[in-house]
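Structural features, examined
Listed below, chain by chain, are the residues.
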Amino acid sequence: MRPVFAALCLLLLAVPDARADQASAIAAVRAQPKVLDTSIDDRGNLYVVVKNEMLSWEQYGAAMCRLVRPHQARVFQAHIIDMTSVGKGAKPAQWKRLAQVNCSAIK
């Protein structure tokens, strides 16, 4: 019974670190120009809400992937979202994506 209890204690100690990593990654993204809001879901999707301007959103998404990498926040995809599609009860699946970047492919 003791090994199970020890394993459970170690698991519980690891959980706050993952949340802290996400919090620091979110803070780093929010500090960037053009970012209005951001969040990370439990599947490793980073949502960055921006005002739609004439930018290369694919490059911007790649920059967001590189920005969160040192935080070890388990981000697999970066989604750059148009601010006009967020709100009024819209779910993430309904948001207009300006770019979707696979962070594991970014060096």
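The preceding data block contains the structure.
The text that follows walks through the structure, step by step, so that each part is easy to find. (Residues numbered from 1 in each chain as written. Predicted model: local features only at pLDDT ≥ 70, side-chain atom pairs only at ≥ 80, totals over all residues. Heavy atoms only, no water.)

The next thing to look at is the pairing of strand 2 (residues 45-50). Of all six residues in strand 2, six are buried, a share of seventy percent or more. Side chains Asn45, Tyr47 and Val49 project from strand 2 onto one buried face, and the interleaved Leu46, Val48 and Val50 project onto a second face that is buried too. In terms of strand pairing, strand 1 (residues 35-40) meets strand 2 through five bridges, oriented antiparallel. What sits directly across from Asp37, in strand 2, is Val49. Between the end of strand 1 and the start of strand 2, which pair antiparallel, lie four residues, with Gly44 showing a positive phi angle near 85 degrees. (Buried < 20%, exposed > 50% of the residue type's maximum accessible area, 1.4 Å probe, protein only. Helix = DSSP H or I, 4+ residues; strand = E, 2+ residues; numbered from the N terminus. Pairing = 2+ DSSP bridges.)

Time to look at the state of the cysteines. On inspection of all chains with the given rule, the structure shows one disulfide. Between the sulfur atoms of Cys65 and its disulfide partner Cys103 the distance amounts to 2.0 Å. Negative torsions about the S-S bond denote left-handed disulfides, and the value of about -65 degrees found for Cys65 with Cys103 makes this one left-handed. One end of the pair, Cys65, is in helix 2 (residues 57-68); the other, Cys103, is in the segment after strand 4 (97-102), and 38 residues separate them in sequence. Accessibility classification places Cys65 together with Cys103 in one group, the buried group. (Disulfide = S-S within 2.5 Å.)

Phi angles above zero are rare outside glycine, and Gln72 is one such case at about 55 degrees. Assignment of secondary structure puts Gln72 in the loop between helix 2 and strand 3 (77-82). The class of Gln72 is exposed, set by a relative accessible area of 60%. Of note, Arg74 is a non-glycine position whose phi angle comes to about 55 degrees, a positive value.

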